[in-house]
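# Residue-level structure breakdown
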Amino acid sequence: MDKEYEVSKPIYMQIAEKIFRRIIRQEIKPGDKLPSVREMAIQAGVNPNTIQRTYMEMERMGIVETKRGQGTFVVERQEIVDELMQTMQKEIIGQFVKNMMELGLGKKEIVKSLEEYLERGEDK
């Protein structure tokens, strides 16, 4: 796991987002067990309390469930993964559009520049 974190967002949420991306990409599948709090803390280079908070927040969101004595597992419901994908897409697109508008670009200019960018293959 990447150990560099942004100062603008809580670390536990940044770790959760990294896990969400892995779930969306099917690197972690519904029903899979997540690493223990201690293991994840070592991987992420953070205090175990931060991971505990990450897992608690993910459980509150309905993404994972903790089974006493067994660990934390991704819920076995594909619709949760689909919702997660849609939510993250909206957040990423929203931030992108906001940044572009702050540069003074309008909708047509944003679409045109995005199309040009993708056509050039700069997304690789």
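Calculation criteria
- Residues numbered from 1 in each chain as written.
- Predicted model: local features only at pLDDT ≥ 70, side-chain atom pairs only at ≥ 80, totals over all residues.
- Heavy atoms only, no water.
- Domains from an automatic or database assignment.
- Contact = heavy atoms within 4.5 Å.
- Buried area = accessible area lost by both parts, 1.4 Å probe.
- Salt bridge = Lys/Arg side-chain N within 4 Å of Asp/Glu carboxyl O.
- Polar contact = N/O pair within 3.5 Å; in protein donor to acceptor, adjacent residues only side chain to side chain.
- Nonpolar A, V, L, I, M, F, W, Y, C, P; charged D, E, K, R; others polar.
- Pairing = 2+ DSSP bridges.
- Helix = DSSP H or I, 4+ residues; strand = E, 2+ residues; numbered from the N terminus.

## Here's the deal with the domain arrangement of the protein chain
For the protein chain, the assigned domains read domain 1 (11–76) and domain 2 (79–120). Using only C-alpha atoms to locate each centre, domain 1 and domain 2 end up separated by 27 Å. At the interface, 10 residues of domain 1 touch 7 residues of domain 2. A per-residue breakdown of the area domain 1 buries against domain 2 is headed by R21, I24 and I63, which together make up 53% of the total. Summed over the shared surface of domain 1 and domain 2, the result is 0 salt bridges. Applying the counting criterion to the domain 1 and domain 2 interface returns 0 residue pairs in polar contact (both at pLDDT 80 or more). Here the residues of the side of domain 1 that touches domain 2 sort into 6 nonpolar, 2 polar and 2 charged.

## What about the pairing of strand β1 (residues 64–67)?
Alignment of β1 against strand β2 (residues 71–74), held across 4 bridges, turns out to be antiparallel. Opposite T66, over in β2, you have T72 as the bridge partner. Between β1 and β2, which pair antiparallel in sequence order, lie 3 residues; one of them, G69, sits at a positive phi of approximately 80°.

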